[in-house]
Amino acid sequence: MNAVFPGSFDPITSGHMDVLTRAARIFDHVTVTVMHNARKQGRHLFTLDERLEILREATAHFPNVSVDSFGGLLVDYMARQETGSVIVRGLRAVSDYEYELQIAHLNRQIGDAETVFIMAATRWSFVSSSMVREIASYGGNVSEMVPRASASALRRKHADVYEEREAELQGQTTSL
């Protein structure tokens, strides 16, 4: 049985990787799919191509994982998959469950697509892409919260902020 793990992955986090690792053990093949919406263009930190590149690098060690993208309804993407494929969604907290349950019901109603929920490990329950982006925008250390590919991409994207912060920290160390 195959699975599709959809999301915006802007960027992929350690929580995503935790869910993906477990999904890759359960399913024969998992396709990590960057869902993109032309109407939301410009709202992401990373372009679609950058997100795909980050994902390919972060998932390269999985023999049964591939990366794809799709613009449109997830149920339309699922209709193109092998019969019996399921949607995998990660959950961090009860608030995620309420939202994801509603989406799962809609996907089943309009496209007969089944959803399997995988709880993120407790240590990642507080990590979200939006929080990671905010911390990185101030030059904060996100290396524990994201795979190496995401950390490198965030550092490149915010190079000026990281350089400024490191210079400040260096100055504080030398003045002590």
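Here the structure is a predicted model, which means the values were calculated and not measured. (Residues numbered from 1 in each chain as written. Predicted model: local features only at pLDDT ≥ 70, side-chain atom pairs only at ≥ 80, totals over all residues. Heavy atoms only, no water.)

### A short note on the packing of helix α2 (residues 48-59) against helix α6 (residues 148-157)
Across the interface, α2 lies against α6 with an axial gap of 8 Å and an inter-helix angle of 145°. Residue-level contacts link Glu50, Ile54, Glu57 and Ala58 of α2 to Ala149, Ser150, Ala153 and Lys157 of α6. Looking at the contact of α2 with α6, its residues break down into 4 nonpolar, 1 polar and 3 charged. (Axes fitted to C-alpha atoms, helices over the stretch in contact; angles between N-to-C directions. Helix = DSSP H or I, 4+ residues; strand = E, 2+ residues; numbered from the N terminus. Contact = heavy atoms within 4.5 Å. Nonpolar A, V, L, I, M, F, W, Y, C, P; charged D, E, K, R; others polar.)

### Focus: a negative patch on the surface
Among the surface-exposed residues, Asp160, Glu163, Glu164 and Glu168 lie close enough to one another that they form a single negatively charged patch. Relative to the assigned elements, Asp160 resides in helix α7 (residues 159-175). (Patch = residues over 30% accessible without salt bridge, like charges linked within 9 Å, V, L, I, M, F, W, Y side chains within 5 Å. Areas by Shrake-Rupley, 256 points an atom, 1.4 Å probe, with all protein chains shown as cover. Salt bridge = Lys/Arg side-chain N within 4 Å of Asp/Glu carboxyl O. Lys, Arg positive; Asp, Glu negative; His and termini not counted. Charge placed at Lys NZ, Arg CZ, Asp CG, Glu CD.)

### Quick word on the nonpolar core
Formed by 37 residues in total, the largest nonpolar core has its most connected members in Phe5, Leu20, Val30, Val88 and Val142. Secondary structure elements with two or more residues in this core: β1 (2-7), α1 (14-26), β2 (29-36), α2, β3 (65-71), β4 (86-91), α5 (129-137) and α6. Considering each element in turn, this core owes the most residues, 5 residues, to α1. Discounting chain neighbours no more than four positions away, the residues touching Leu20 are Phe5, Val30, Val32, Thr59, Phe62 and Val65. (Core = buried A, V, L, I, M, F, W, Y, C linked by side-chain atoms within 4.5 Å. Buried < 20%, exposed > 50% of the residue type's maximum accessible area, 1.4 Å probe, protein only.)

### A closer look at the side chain of His158
As for its position among the elements, His158 is in the loop between α6 and α7. Beyond its immediate stretch of four places on either side in the chain, His158 contacts Leu45, Arg133, Ala136 and Ser137.

### Regarding unusual backbone geometry
In this structure, Pro11 follows Asp10 across a cis peptide bond, with omega equal to 0°. Tracing the backbone through its elements, the reader meets Pro11 in the loop between β1 and α1. If you check the backbone angles, Phe9 has positive phi at about 50° while not being a glycine. With respect to the helices and strands, Phe9 occurs in the loop between β1 and α1.

### Overview of the pairing of β4
If a strand is regular, its side chains alternate between the two faces of the sheet. As paired elements, β1 and β4 share 2 bridges and run parallel to each other. Bridging across to β4, Ala3 finds its partner in Val86. Pairing of β4 with strand β5 (residues 115-119), which is carried by 5 bridges, proceeds in the parallel orientation. Within the sheet, the bridge partner assigned to Arg89 lies in β5 and is Phe117. (Pairing = 2+ DSSP bridges.)

### Things to note about the UniProt feature "site: Transition state stabilizer" (unreviewed entry) in the chain
The UniProt feature table records "site: Transition state stabilizer" (unreviewed entry) at His16. Relative to the assigned elements, His16 resides in helix α1. Those residues in contact with His16 that lie beyond four places of it in its chain are Phe5, Phe9, Pro11 and Ser129. Of note is the side chain of His16, whose polar atom sits 2.9 Å from the backbone nitrogen of Thr13. (UniProt positions renumbered as here; feature names shortened; annotations may be inferred. Polar contact = N/O pair within 3.5 Å; in protein donor to acceptor, adjacent residues only side chain to side chain.)

### Looking at α2
The end-to-end C-alpha separation of α2 is 16 Å, in line with the 16 Å expected for 12 residues at 1.5 Å each. Of the surrounding secondary structure, the elements contacted by the buried residues of α2 are α1, β2, β3 and α6. (Expected span 1.5 Å × (residues − 1).)

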